[in-house]
Amino acid sequence: MRWWLVRGPDGRWKVYDHDLPSIRLRASVRLAGYWWEAAVGAAGPGGPPAGPGLPPRGGFPGTPPPAGEPRGPVDAVTRAVRHAEWSDLSELMAALDDCRGAELPPPLAAGRAVAEAFLRVRQGRPGEATPFLDKAAKLDPDFPSTHLVRGIVANRTGDHETALKHLTAYQTAVGPEAEVALEIGVAREGLRQPVEALTTYRAAVKDFPGHTALYPALVRALPAGGKREAGELAAKGPKPAEHLTAILSDPVADDVAVADAVLGGFLAGRPDDPTGLAYAAAVRVKQGKGTGSAGWSGSAGSGRPARRWPARTWWRM
């Protein structure tokens, strides 16, 4: 568990506790939720009784249910919030199905509302997320993830100024995260702030070198004569082949000159890398400078390259 102090605009300090500095619910909120669940279960439909002496559910109130015991709505909310961002969509939907309609204390109900909002975003319906976010803000005004999802919704709907405001508020409360840096970069690009966007992506690659999605974003933000830098950084990353593949799978690399520059930087750091050499051979064929198995094939009559591979699989190895 991590603890930290955050000073708000009013000058007051607040203490936050999280398992991780991310969208996940605070540990203290979850533990209080398990206690609430035990109390509601003991009291029945009328609500939890007042005073001490509540019977525990499988242990001391405030503990998760033991393995094998049926899981209640508090656990379902925890799973929904955990899966909201980037996990398999079916896991998020299943968790929400398990906690919809359940009586929950305000902080947990806010987490459920944020997860519902994120579900709409991931289903391509960001406009439907706002009512859930408004509800979450009323239930728990200090829940940082409300800012996160508002920022993502604003980016998806083209309101980049609002997106930047909310994403910055989330980052101030929780700390730097790779996915948030990506969204902040998108907002800055949308606001025509290329220098600030590039600074955001560079810092994110430095802080999160294993987060592959950052590398195509960095290529996009680099000036025309500086694309080589992304290849150099990809070569130094913890998953070089994966980083390079992400770049060359992105539409930014449809420009063969960009792909060539990135490969030049990558092979300068990893001259014998088989993945890099395979991509380089494909680019040489496209440029008419070599022969062999081509990774590119010209579209008939289009005058531009057509790729015969799905996204993130630029070259079939």
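Keep in mind that this is a model prediction, so the values were computed, not measured. (Residues numbered from 1 in each chain as written. Predicted model: local features only at pLDDT ≥ 70, side-chain atom pairs only at ≥ 80, totals over all residues. Heavy atoms only, no water.)

**Describing helix H14 (residues 274-286)**
Inference 1: Here H14 contains 13 residues, and its C-alpha end-to-end distance of 19 Å stays within 8% of the 18 Å for a straight helix at 1.5 Å per residue.
Inference 2: Regarding H14, the residues found buried are Thr275, Gly276, Ala278, Tyr279, Ala280, Ala282 and Val283.
Inference 3: Buried residues along H14 sit in contact with helix H12 (240-249) and helix H13 (256-269).
Inference 4: The N-capping residue of H14, defined by a side-chain oxygen 3.0 Å from the backbone nitrogen of Thr275, is Asp273. (Helix = DSSP H or I, 4+ residues; strand = E, 2+ residues; numbered from the N terminus. Expected span 1.5 Å × (residues − 1). Buried < 20%, exposed > 50% of the residue type's maximum accessible area, 1.4 Å probe, protein only. Contact = heavy atoms within 4.5 Å. Polar contact = N/O pair within 3.5 Å; in protein donor to acceptor, adjacent residues only side chain to side chain.)

**Overview of the nonpolar core**
Inference 1: If you look at the biggest cluster of nonpolar residues, it comprises 33 residues, and the most contacted ones within it are Tyr201, Leu218, Val219, Leu244, Ile247 and Leu248.
Inference 2: Elements with a contribution of two residues or more to this core: helix H8 (178-190), helix H9 (194-207), helix H10 (214-221), helix H11 (228-236), H12, H13 and H14.
Inference 3: With seven residues, the top contributor of residues to this core is H13.
Inference 4: Apart from residues lying up to four places away in sequence, Val219 is in contact with Lys227, Ala230, Ile247, Val252, Val258 and Val262.
Inference 5: Judged by nonpolar contacts, the second largest core, of 24 residues, contains Ala110, Leu133, Ala136 and Phe143. (Core = buried A, V, L, I, M, F, W, Y, C linked by side-chain atoms within 4.5 Å.)

**Notes on unusual backbone geometry**
Inference 1: We note that Arg192 has phi near 60°; this positive angle belongs to a residue other than glycine.
Inference 2: Judged by relative accessible area, which is 76%, Arg192 ranks as exposed.

**Re the pattern of salt bridges**
Inference 1: Under the defined criterion, the tally for this structure stands at eleven salt bridges.
Inference 2: Here Glu128 and Arg125 are joined by a salt bridge, their closest N and O atoms 2.8 Å apart.
Inference 3: By relative accessible area, which is 37% here, Glu128 ends up partly exposed.
Inference 4: The class of Arg125 is partly exposed, set by a relative accessible area of 34%.
Inference 5: Three or more residues joined by partner-sharing salt bridges are found here, namely Asp97, Arg100, Glu116 and Arg120. (Salt bridge = Lys/Arg side-chain N within 4 Å of Asp/Glu carboxyl O.)

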